[in-house]
Amino acid sequence: MCTMIVSQVAIEGSGKGTAGWFPVRRAAVSYDHPFHAPLEHALNIDFTDPARGPGARVAVELTAQAARDLAATILAVLAEAERGGFLEAAE
Amino acid sequence: MYQTNAYEGMLAETVSVPGARGDMINAYLARPLGPGPFPAVVLIHHMPGWDEWYREATRKFAHHGYAALSPNLYYRAGHGTPEDVAAQVRAAGGVPDEQVLGDLAGSLGYLRALPYVNGRVAVFGTCSGGRHAYLAACRVPGFAAAIDCWGGRVVMTPAELTPQQPQAPLDFTADLACPLLGLFGEEDRGPTPEQVAVHEQALKQHGKTYEFHMYPAAGHGFFYHDRPAYRQGPAVDGWAKIFAFLQKHLGA
């Protein structure tokens, strides 16, 4: 089914789409039908810049376990960077 | 079934049709060649968007003798590949039900005004489009038949209501104004067989004309030959049931 489970967050960074690099301003995280992954539902993340239209999108479609592993890994890497004093001052 | 010595031709193209609030939206139209008059079908695309499968399905209805129109319900999200546009709509929580109903009313009116359409128009949809098909059959006057293929969220708990979907389609069952065909899979998690049973009970309670078919060993989206959910047996049988249902209620 269409779960309509989605949450959006404002982000800053860059993503590489079909037309090259562009600034990413929003991430939409959903657990719903994927377009490509061979699953009925997937954890989908769309990195976009809404100002540039629908085509400014970098997408991933993950299994639930892969998404959990990714989230934990992101947090672990950031924690290590923070311990090392590497995080940018603005953060 | 067509005969091998029969002439057949088809015109398929994108057109502009009226939508909600007087907006013009684009749509894909496929129709048999000839003066008709043909019965017609409005196809409501699924959550993954106004995609190639829906263009194929639109032409399939035309091959079977129907003027078929698939409006782009995501028109207002901008343009790009169907996936990119659908992802934008997914991020926004889907399109509002009221807007969809306005778009479908516009498509119904567009088809009825065509000189080669006989005025009898069915509505068909899969996934979120199945839900919309049921909603339209209840709330948009004029459809002669409705086909709901595995439409989830017809039965909704209060916690599942959203700004885009503020009321459960089930609540409008008393207003269902045409015969309904429903195709479902036992392995589907939305709608579950239990939710389909709730829906069927409401149809019985209100004395509606309907036929529901629940396929074992099939889940959500078993018509989609481009997805792992495809199930050959239920898909072939389901299409046969669709065309028998349309023949019965619209003719062709």
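So, here is what we can say about the structure in this document. Because the structure is a prediction, the values reported are computed rather than measured.

**Topic: the overall build of chain B**
Okay, so step 1: The secondary structure content of chain B amounts to 6 helices and 8 strands.
Okay, so step 2: Along chain B, helices (α) and strands (β) appear in the sequence β-β-β-α-β-α-α-β-α-β-β-α-β-α when read from the amino end.
Okay, so step 3: Compactness check: chain B gives a C-alpha radius of gyration of 17 Å against a globular reference of 18 Å for 252 residues, within 12% of the reference.
Okay, so step 4: Here chain B holds 252 residues, and the buried ones make up 57% of them.

**Some details on unusual backbone geometry**
Okay, so step 1: For the peptide bond that leads from Gly36(B) to Pro37(B), omega is 0°, which places it in the cis range.
Okay, so step 2: By the secondary structure assignment, Pro37(B) is in the loop between strand S2 (24-32) and strand S3 (38-44).
Okay, so step 3: Cis geometry is adopted by the peptide bond preceding Pro191(B), which originates at Gly190(B) and carries an omega value of 15°.
Okay, so step 4: With respect to the helices and strands, the residue Pro191(B) is situated in the loop between strand S7 (180-185) and helix H5 (193-205).
Okay, so step 5: A positive phi angle, close to 60°, is found at Met4(A), a residue other than glycine.
Okay, so step 6: When its relative accessible area of 18% is taken as the criterion, Met4(A) is described as buried.

**Here's the deal with the nonpolar core**
Okay, so step 1: One finds Phe61(B), Phe124(B), Phe223(B), Ile242(B) and Leu246(B) to be the most contacted residues of the largest nonpolar core, which totals 84 residues.
Okay, so step 2: Ignoring sequence-local partners within four residues, the contact set of Ile242(B) consists of Phe61(B), Phe124(B), Ile147(B), Cys149(B), Leu181(B), Leu183(B) and Phe223(B).

**What to know about the pairing of strand S2 (residues 20-32) of chain A**
All names here are of chain A.
Okay, so step 1: Note that strand S1 (residues 5-17) and S2 share 11 bridges and pair antiparallel. Note on S2: the bridge partner recorded for Lys-16 is Trp-21.
Okay, so step 2: Between S1 and S2, which pair antiparallel in sequence order, lie 2 residues.

**Description of the environment of Arg21(B)**
Okay, so step 1: As for its position among the elements, Arg21(B) is in the loop between strand S1 (10-18) and S2.
Okay, so step 2: If near-sequence neighbours (up to four positions away) are discounted, Arg21(B) is found in contact with Arg76(B) and Gln99(B).

**Concerning helix H6 (residues 232-249) of chain B**
Residues and elements named next belong to chain B.
Okay, so step 1: In a regular helix each residue adds 1.5 Å, so 18 residues correspond to 26 Å; H6 covers 26 Å between its end C-alpha atoms and thus fits that length.
Okay, so step 2: Taken residue by residue, H6 has Pro-234, Ala-235, Gly-238, Trp-239, Ile-242, Phe-243, Phe-245, Leu-246 and His-249 as its buried positions. Buried residues along H6 cover an arc of 165° about the axis, so they all sit on one side. Of the residues in H6, the exposed ones pointing more than 90 degrees away from the buried face are Gln-232 and Lys-248.
Okay, so step 3: Among the structural elements, S3, helix H1 (52-63), strand S5 (117-126), strand S6 (145-149), S7 and strand S8 (210-215) are those in contact with the buried residues of H6.
Okay, so step 4: Just past H6, the residue Gly-251 takes up positive phi, approximately 75°.

**What to know about the sheet that holds S1(A)**
Residues and elements named next belong to chain A.
Okay, so step 1: Spatially, 4 strands are ordered S1-S2-S3-S4 in an open sheet, and the strand pairing comes out antiparallel. Whereas interior strands pair on both sides, the edge strands pair on one side only; in this sheet they are S1 and strand S4 (57-62). Here the strands of the sheet are splayed against their neighbours by 20° on average, with no regard to which way each runs.

**A look at empty space enclosed by the protein**
Okay, so step 1: A full pass over the atoms with the stated rule returns 4 cavities of 30 Å³ or more.
Okay, so step 2: Within this model, the largest cavity holds a volume of roughly 110 Å³.
Okay, so step 3: Met4(A), Tyr74(B), Gly94(B), Val95(B) and Ser128(B) are the residues nearest the centre of the largest cavity, which is lined by 14 residues in total.
Okay, so step 4: Among the elements of the structure, helix H2 (82-91) and helix H4 (128-139) of chain B are those that each provide at least two residues to the lining of the largest cavity.
Okay, so step 5: Taken together, the residues that form the lining of the largest cavity break down as 6 nonpolar, 7 polar and 1 charged.

**Focus on the packing of H1(B) against H6(B)**
All names here are of chain B.
Okay, so step 1: Running from N to C, H1 and H6 point in directions that differ by 45°, and their axes come no closer than 12 Å. Relative to H6, the element H1 is oriented oblique. As H1 runs across H6, the sense of the crossing is right-handed. Across from Trp-53, Ala-57, Lys-60 and Phe-61 in H1, the residues of H6 making contact are Trp-239, Ile-242, Phe-243 and Leu-246.

**Describing the packing of helix H3 (residues 97-112) of chain B against H4(B)**
Two numbers describe a pair of packed helices, the interaxial angle and the distance between the axes.
Residue and element names in this part refer to chain B.
Okay, so step 1: At a minimum axis distance of 10 Å, the contact between H3 and H4 shows a crossing angle of 70°. By the angle class used here, H3 and H4 are roughly perpendicular. Relative to H4, the crossing made by H3 is right-handed. The segment H3 lies against H4, with Asp-97, Glu-98, Val-100, Leu-101 and Leu-104 engaging Arg-131, His-132, Leu-135, Ala-136 and Arg-139.

What counts as what
- Residues numbered from 1 in each chain as written.
- Chains lettered and ligands numbered in written order.
- Predicted model: local features only at pLDDT ≥ 70, side-chain atom pairs only at ≥ 80, totals over all residues.
- Heavy atoms only, no water.
- Helix = DSSP H or I, 4+ residues; strand = E, 2+ residues; numbered from the N terminus.
- Rg over C-alpha atoms; globule rule 2.2 N^0.38 Å.
- Buried < 20%, exposed > 50% of the residue type's maximum accessible area, 1.4 Å probe, protein only.
- Core = buried A, V, L, I, M, F, W, Y, C linked by side-chain atoms within 4.5 Å.
- Contact = heavy atoms within 4.5 Å.
- Pairing = 2+ DSSP bridges.
- Expected span 1.5 Å × (residues − 1).
- Arc of directions from axis to C-beta.
- Axes fitted to C-alpha atoms, helices over the stretch in contact; angles between N-to-C directions.
- 1 Å grid on protein atoms, 1.4 Å probe; cavity = no way out; pocket = protein on both sides within 12 Å on 5 of 7 lines; lining within 4 Å.
- Points joined across faces, edges and corners; volume = space filled by probe spheres on them.
- Nonpolar A, V, L, I, M, F, W, Y, C, P; charged D, E, K, R; others polar.
- Parallel < 35°, antiparallel > 145°, perpendicular 65-115°, else oblique.
- Left-handed = near helix turned anticlockwise from the far one by under 90°.

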